[in-house]
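Okay, here's what each chain looks like letter by letter:
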Amino acid sequence: MSETPQDTGHPKANPLLQPWQTPFETPPFAEIRPEHFLPAFERAFADHSAEVAAITHDPSAPDFANTITALERSGKLLAKVSAVFYDLVSANSNPAILEIDKEVSPRMARHWNPIMMNAVLFGRIALIHNNRASLGLTGEQMRLLERTYNNFYRAGAGLDETAKARRAAINERLAELGTSFSHHLLGDEQDWFMELGEGDLDGLSEAFIASARAAAEERGLAGKAIVTLSRSSVEPFLKSSSRRDLREKAFRAFTARGDNGNANDNNTTVVEILSLREEAARIMGYPTYAAYRLEDSMAKTPDAVRSLLERVWKPARARALADRDALQALVTEEGGNFSLAPWDWRYYAEKLRQVRANFDDAAIKPYLVLDHMIDAAFDCATRLFGITFTERKDVPVWHPDVRVWEVKDASGKHKALFYGDYFARSSKRSGAWMTSLRDQQKLDGEVAPLVINVCNFSKGSGSEPSLLSPDDARTLFHEFGHGLHGMMSDVTYPSLSGTSVFTDFVELPSQLYEHWQEQPQVLRQFARHYQTGEPLPDDLLQRFLAARKFNQGFATVEFVSSALIDLEFHTQPASASRDVRAFEKAELEKIGMPAEIALRHRPTQFGHIFSGDHYASGYYSYMWSEVMDADAFGAFEEAGDIFDPATAKRLLDDIYSSGGSVDPEDAYVAFRGREPEPDALLRRRGLLETPEAA
Ligand SMILES: [Zn+2]
């Protein structure tokens, strides 16, 4: 294949088809316009198809080099164009980009289907796979062969022609449906805001009001203050606004996303997705979609997932019910003549926390300056892995708020670029994520990764810096942990790079990294008051750490209930969920969901499982990984040093740098010397202790 400009019709006009003359050959965002994408994609599809055809019809006998390695070398242009495109779709979209996305997603399925279901190509792979023991492969090569064989097999390469045709049509339709699901969600989030008049600010902190003004300005409503449906706007509002009517309004809008009966309604989309997934699983010979999906995970079966979730659910629910009674008592004590509703929980929990732990989020926020927390995340990585960070102003970005750092290893050698895109804006989808513009590999020489973190933090307004809530600070470290997984990757083959691991393993590097954020030695150094520069006072620090276990019943219930619903959607017959709302209600009744707590993600806004299939029947993954991260951090505690060099080296070698090149269970045991001990999770969440009396 070639990416040189003379190979296409109007190469000079299309920066996506030219070599990039930028620092580190990064995408020249300023030159890339929406109209460049479709021609670039068509060109990339054609190149890739030609490369795969050459491998398929290679007259030489199939071997590892001419088939498996050759596949690893194919599709470079497609990977390059896709990475830029999907970064813009999620972090800086506009109507033109979203239109193209609608066209590209089914087109992408049409491109991949004939490759992944190619019987001749699969025949070559299967032959090599059969002879694998006698090929003298390295450990990484063996893993690559297993993964490649598995991916083709699971895509349906071994099916008969009729089944293949149906499976292909299903994939294409699912791609369309996933795209419209996320467009609908973005649509509902963009359409709604609640203006706060002078009389509507009761209970809100200065920092919240400043960010509400910044959000208004971002939407062209300068001088006003608004609540938006971004989680980092709604949740602090629900926590602090003493206006019960406004809390109810915001809560209802937030939980109704995708379920408003308007053009953005996702109910029928969900029904069709579930029914097509079930059909695809049946074609593959599995009883349910969850059985099909989970076979390719650490958990392996729906029963293993259910048993973990149920083990956590019982103590979490008991804790939440005890907390509910305490919150209701607080309402009554204050003379509130009402039963606690879901829009009251966060507000009264925050009050109760002030009583019990003498701590509220607003007290710590002035000490959690975004820039200092970025420094903290970098500093921990320097201490653990010896890497350093230098900001670069010469690398093109997709939005003026994006910052870029060059990452070097201990010897000063270039290792990666890290892009941080931290602030909420209406062109960005909600949530926080890590992605990449280029992955590490060294198949044909070292390729340094370009890693991205995207968050939705509130921007400071005027001269005020952006201040983080404790949850935001944790998110920052979480996404940076994923970022390190991408940046520290040290594998040969691109498809095993960095985060290319099982979904229930991928949250280990990210969740583990959160532990450093809450260490006193880290907070003492980096949590400094944004105005005075004073370090976090010790008693506030102690109260902050003590308060972390507070309200864990609620947090665990809202998460586990979502994970259980995900599992039920994908284990019960699709016919059971034709009425999505009724299904949701029935399932919540079945598990005894406390009426005062809502799902963290109601079905019509559950992008993790419906925007694509990545986390479908996989939302439990966060908890599966938490069993490991809670246990893994113990290795540093046992060593008596949270930056213990020997433990850090094992962490780098076995977890952060090995990508998908080893089996995850083996990787964990290599690091820890044993299997994870599941009670560490319950202990960390404080769920093993008896609920405190009201
Ligand atoms: Zn994550």
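Residues numbered from 1 in each chain as written. Predicted model: local features only at pLDDT ≥ 70, side-chain atom pairs only at ≥ 80, totals over all residues. Heavy atoms only, no water.

Peer 1: Honestly, the nonpolar core in this entry has me stumped. Any pointers?
Peer 2: Counting 126 residues, the largest nonpolar core has Tyr422, Phe480, Leu484, Tyr513, Trp516 and Tyr656 as its most contacted members. No other element matches the 11 residues that helix α13 (residues 302–333) contributes to this core. If sequence neighbours within four positions are ignored, tryptophan 516 has contacts with Cys380, Leu384, Phe477, Val522, Phe633, Phe636, Ile642, Phe643 and Leu651. By size, the runner-up hydrophobic cluster in this structure holds 34 residues, among which are Phe41, Leu88, Met108 and Val454. (Core = buried A, V, L, I, M, F, W, Y, C linked by side-chain atoms within 4.5 Å. Buried < 20%, exposed > 50% of the residue type's maximum accessible area, 1.4 Å probe, protein only. Helix = DSSP H or I, 4+ residues; strand = E, 2+ residues; numbered from the N terminus. Contact = heavy atoms within 4.5 Å.)

Peer 1: Any chance you could explain the state of the cysteines here in plain terms?
Peer 2: What makes a disulfide is a covalent bond joining the sulfur atoms belonging to two cysteines. Overall, the coordinates contain 0 disulfides when judged by the stated rule. With no disulfide of its own, cysteine 380 lies 16 Å from the sulfur of cysteine 455, the closest cysteine sulfur. (Disulfide = S-S within 2.5 Å.)

Peer 1: Whenever I open this one, the packing of helix α7 (residues 161–191) against helix α11 (residues 267–283) confuses me. Can you help?
Peer 2: Helix packing geometry: the angle between the two helix axes and the distance between the axes. Running from N to C, α7 and α11 cross one another at 155°; their axes reach a closest spacing of 10 Å. The orientation of α7 relative to α11 falls into the category roughly antiparallel. Helix-helix and strand crossings are classified by hand; for α7 and α11 the assignment is left-handed. Residues Ala163, Arg166, Arg167, Ile170, Arg173, Leu174, Leu177, Ser180, Phe181 and His184 of α7 form the contact with α11, whose own contacting residues are Thr269, Val270, Glu272, Ile273, Leu276, Arg277, Glu279, Ala280 and Ile283. By residue class, the composition of the contact of α7 with α11 is 10 nonpolar, 3 polar and 6 charged. (Axes fitted to C-alpha atoms, helices over the stretch in contact; angles between N-to-C directions. Parallel < 35°, antiparallel > 145°, perpendicular 65-115°, else oblique. Left-handed = near helix turned anticlockwise from the far one by under 90°. Nonpolar A, V, L, I, M, F, W, Y, C, P; charged D, E, K, R; others polar.)

Peer 1: Before we go on, may I ask you to explain the pairing of strand β7 (residues 450–457) in this structure?
Peer 2: Side-chain positions along a regular strand alternate between the two faces of the sheet. Of all 8 residues in β7, 8 are buried; the element is thus mostly enclosed. Burial of β7 is two-sided: the residues Leu450, Ile452, Val454 and Asn456 facing one way and the residues Val451, Asn453, Cys455 and Phe457 facing the other way are all buried. Here strand β5 (residues 414–423) runs beside β7; their pairing, made up of 6 bridges, is parallel. In the sheet register, glycine 420 faces β7, and the bridge partner there is asparagine 453. In the sheet, strand β6 (residues 433–438) pairs with β7 via 5 bridges, with the strands oriented antiparallel. By the bridge assignment for β7, tryptophan 433 is matched with valine 454. (Pairing = 2+ DSSP bridges.)

Peer 1: Explanation requested: the sheet that holds β7 in the structure shown.
Peer 2: Adjacent strands of a sheet pair through backbone hydrogen bonds, lying either parallel or antiparallel. If you walk across this open sheet you meet the 5 strands as β3-β4-β5-β7-β6, and the pairing is mixed. The open sheet has two edge strands, β3 (388–392) and β6, and neither has a second partner. For this sheet, the mean inter-axis angle between neighbouring strands, taken without regard to orientation, is 30°. Each of β5, β6 and β7 touches helix α3 (residues 76–91); the most contacted strand, β6, lies at about 150° to it. Its contacts with the sheet place helix α17 (residues 470–487) against β3, β4 (403–408), β5, β6 and β7, and it is angled at close to 170° to β7.

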